[in-house]
Structure formats: C-alpha cells, structure tokens
Amino acid sequence: MRKYYTRACNFYHGRTAEKLIRSKKALSLNGKKHLAFDNIEIFIRDKNKVKSKLIHFRDINKLSKSAKKIINKDLKKITSKRKNFLKHIDFSKTSIMGVLNLTPDSFSDGGKFNKKNKSFKHVSRMIQSGAEIIDVGGESTRPGSKTVDSRIEWKRIEHVLKNFKKKYKKTCLSIDTRKSDLMLKSIKCGADLINDVSGFRYDQSSLSKLKKYNIPKVIHHMQGTPNTMQKNPKYKNVLLDIYDFFETSVNQKFKDKKIVLDPGIGFGKTLKHNLTLISKISLFHSLGFPILVGTSRKRFINQISGKHDSKDRTGGTLASVLFLLSQGVQIFRVHNVNEVKQGILVFEKILLN
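Here the structure is a predicted model, which means the values were calculated and not measured. For every chain, the first residue of the written sequence is number 1, and numbering continues from 1 along that sequence. Only residues with pLDDT of 70 or above have their local features reported here, since the model is predicted, and side-chain atom pairs are shown and tallied only from 80 upward, although totals for entire chains, interfaces and linings are computed over all residues. Only hydrogens and water are removed before side-chain values are computed, so all heavy atoms of the structure are retained for them.

Draft legend 1. Quick look at the overall build of the protein chain. Put simply, DSSP marks the helices as runs of H or I at least four residues long and the strands as runs of E at least two long, and each gets a number from the N terminus on. A tally of regular secondary structure across the protein chain gives 11 helices and 12 strands. Just to be clear, the radius of gyration here is over C-alpha atoms, and the globule rule we use is 2.2 Å times residues to the power 0.38. The C-alpha atoms of the protein chain give 20 Å as radius of gyration, which agrees with the globular expectation for 353 residues (20 Å, within 12%). Each principal axis of the C-alpha atoms in the protein chain carries an extent, and together these give about 60 × 50 × 45 Å. For each residue, the accessible area found with a 1.4 Å probe, counting protein chains only, is set against the maximum for its type, and the residue is called buried under 20%, exposed over 50%, and partly exposed in between. Looking at the protein chain residue by residue over its 353 residues, the buried ones come to 54%. In this analysis, two residues are considered to be in contact whenever any of their non-hydrogen atoms come within 4.5 Å of each other. By sequence separation, contacts in the protein chain at least 24 residues apart represent 68% of the contacts at least 6 residues apart. Per-residue accessibility takes into account occlusion by the displayed protein chains alone, with areas from the Shrake-Rupley method and a 1.4 Å probe. Total accessible area on the protein chain stands at roughly 16700 Å², and carbon and sulfur atoms take up 51% of it. All tallies of charge rest on Lys and Arg as positive and Asp and Glu as negative; His and the ends of each chain are not included. Every charge is mapped to an atom, namely NZ of Lys, CZ of Arg, CG of Asp or CD of Glu. Of the side chains in the protein chain, 73 bear a positive and 29 a negative charge, and the two mean positions are spaced by 3 Å.

Draft legend 2. A look at the packing of helix α7 (residues 238–252) against helix α8 (residues 271–279). Think of each axis as a best-fit line through the C-alpha atoms, taken over the contacting stretch in the case of a helix, with angles from 0 to 180 degrees between the N-to-C directions. At a minimum axis distance of 9 Å, the contact between α7 and α8 shows a crossing angle of 65°. Between α7 and α8, the interaxial angle falls into the category roughly perpendicular. From α7, Val238, Leu239 and Ile242 reach across to α8, where they touch His273, Thr276 and Leu277. Partitioning the contact of α7 with α8 into residue classes produces 4 nonpolar, 2 polar and no charged. Comment on the angle field: the value is read as roughly parallel under 35 degrees, roughly antiparallel over 145, roughly perpendicular from 65 to 115, and oblique elsewhere. Residues are grouped as follows: nonpolar covers Ala, Val, Leu, Ile, Met, Phe, Trp, Tyr, Cys and Pro; charged covers Asp, Glu, Lys and Arg; every other residue, Gly included, is treated as polar.

Draft legend 3. Layout of the pattern of salt bridges. For this analysis, a salt bridge means a side-chain nitrogen from Lys or Arg found within 4 Å of a carboxyl oxygen belonging to Asp or Glu. Inspection of every chain in the model, using the stated rule, returns 19 salt bridges. For Asp241, the salt bridge goes to Arg45, with nearest N and O atoms at 3.0 Å. In this pair, Asp241 sits in helix α7 while Arg45 sits in strand β3 (residues 35–46), placing the two residues 196 residues apart along the sequence. Owing to a relative accessible area of 5%, Arg45 belongs among the buried residues under this scheme. The residue Arg333 makes a salt bridge to Asp135 at a minimum N-O spacing of 2.8 Å. Within this pair, whereas Arg333 is found in strand β12 (residues 331–334), its partner Asp135 is found in strand β6 (residues 133–137), the two being separated by 198 residues in sequence. No difference in accessibility class separates Arg333 from Asp135, as the two residues are buried.

Draft legend 4. Structural view of the pairing of strand β8 (residues 193–196). Covered by surrounding structure in β8 are Leu193 and Asn195 together with Ile194 and Asp196, the residues of both alternating faces. Criterion used throughout: strands pair if DSSP finds at least two bridges between them. In this structure, strand β7 (residues 172–176) lies alongside β8, joined through 3 bridges in parallel fashion. When the bridges of β8 are listed, Ile175 appears paired with Ile194. Read as a crossover between parallel neighbours, the route from β7 over helix α5 (residues 180–188) to β8 is right-handed. When β8 meets strand β9 (residues 217–220), the two strands line up parallel, connected through 3 bridges. Residue pairing for β9: Asp196 is matched across the bridge by Ile219. We call a crossover right-handed when, viewed with the strands running away from us, the connection from the first strand over the helix to the second turns clockwise.

No statement about biological role is implied by the geometric values presented.
What follows is the structure, encoded as structure tokens:
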C-alpha cells in the first residue's frame, strides 16, 4: 500500500489553459492543450490516518525525497496523453457510452427494449444522438438483484450481439457481463470492450480465458455483489481504498494495459462515498488510464434532490456529468444520450470560449 497519492486540481480550461501551459505556469492534463492544472492535492496515508495538503506544482521540490519521487512519477502519468487502444474511440475527446439493458428488471428501464425490433431501434437512436459506445447487458446489477444463469443471460443478448457489427461497424460494442463464457461468445460476435462490474472477480477464470484475445477491459469497482453491495458498505477511506484496488489490479492482473477505470458510483457506496468519489475523481488520473463514470439515474440523485426527484433524473445526471467532464473524465455511461450530448456540447463550447 502506498503512502502518498497525487490529485491534480485547480483546473483551467480553453484559451486560459492553453496560455498557462505555453508559459509553463500550469501543466496539461492527459496531454490536452485546453485542460490544465497548477495545484496538486497530496494525500498522506499513515496507517489508518489520512491527511492532505494542497501545493503548487512548482513546490514539489520542497517535499521529502520519498514523497517527491512518488509524486513526480504520478505527475508524469497525469500529464501524459492517453493511448487510443479502444476501436473508434479517441480518449482526447469526451465519449458517451449508451446503455442497452436487455433485462426485465433493471432499475430504470427493465423490460423496455427486450424485443428485437425495439432493441435495435433504441441502439440506432442512441448512436444518432451521439453515443460512440453501446454497452449491452443481459443481467441486472441493481442493488439487491440476484445472479442470472448464463444461458438465460445469453438468450437475452444473443440477437443484438450477433447482428450489431453488421449494422454498426464503426460503433464500439461493449459487453456488460460478469461471466467468462459470455465474454468469449461476445468477442466472437465482434465485441470491442469487456465491462465487468465485479472487476473480473466474480468469475475467477475470466482473465486467463481472455488472455489470448488482448481485448480492452473496464476495471469496475464494486464492494460485495449486486445482492449485498448496499448493505452497510464501509471503507477506511473510500477514495484511497478504491485507488489501491485499481493499482493492485493493474500491477497484478492486467498486463496488456488496455484498461479503462470505473470507480463504480452506487456499487457498494453510501451517498457520502459517492460524493467523495465524484468530487475527487481527478485522483485517478495518476494511474495513467482513461476514466469511465456512470452516474446516470443513480439513487444518489434522489437522495440529494428529494421532492425534486424525477423519473429519468436527467438534471442530476447532467449536473454530475458536466462536473466530471471539467475534471477530465473521458467516458460517460448514460441512458438519456441525446440530453447528455446536448449538455456536453454546450458546456464544452463555453469552456473553450
């Protein structure tokens, strides 16, 4: 377990960022010329105690030798351009992952798109609305949901997977499953990305079976299982614990480094945990990989908005997406693609002005 952690903060955007980077008064985030930062927050974990301090990036040399070494290494990853290892996706731009739930019991749209004609109409609509990735799932992972037999799960998604690339060759196809047999079947159908909410811990054989395919993967964090994850989740420090989970996974299990990180908002987290992760999301840039976040329609929006909650929670979803975008997050997993795309286009135009 590391002692020092580095979070980029105090961001600048657009022309201001470009000017500061050029004059070396700020650093580029992920190699982007329109997104810069000049401060870092250093977390110091000593046993069970965590302290943090904000410093200007030029003051790193004032730190201890051990701290300086780690933080400089982190800064190199924070500022480096992300490699484009995922087909049809440019990590220097914002991408939308549209959700296709082919389940009868997903928390917000279960049963809506199960029929063959409805599923492809919805896929077409999401792509036309701006989704660069379609995430196909046949097992609900809402809080309290039970595991679905792989044969049933495959039956739900088979038609879409077998026909997807015939219709949408230039759209990235992601498969949302925890089971290795479905991962392999999906790859044969042309899947470009494996999105396993268990972080490849549910099916212990999945990574060894996937080794020869060299396919990009989402490392998703979840405490417990969908059935148990919301039963009093606890962490020593949610931000640093999840960072450690990612770092250990990357170093020990994912040798090809074709990785996207997802901290798993709502998966074994309280409202406070979720807010901490969202507000401090830029910590994960120091791992050196693209970040994916799914806040769409999540319960934390209701917990905050109370009587102002709505069925689609579009307002709360968009608010969280735009904040995360300002912190350099690259991919957003959403249900309402057109509304989120509209918000991103307007927000980015304002930032770049």
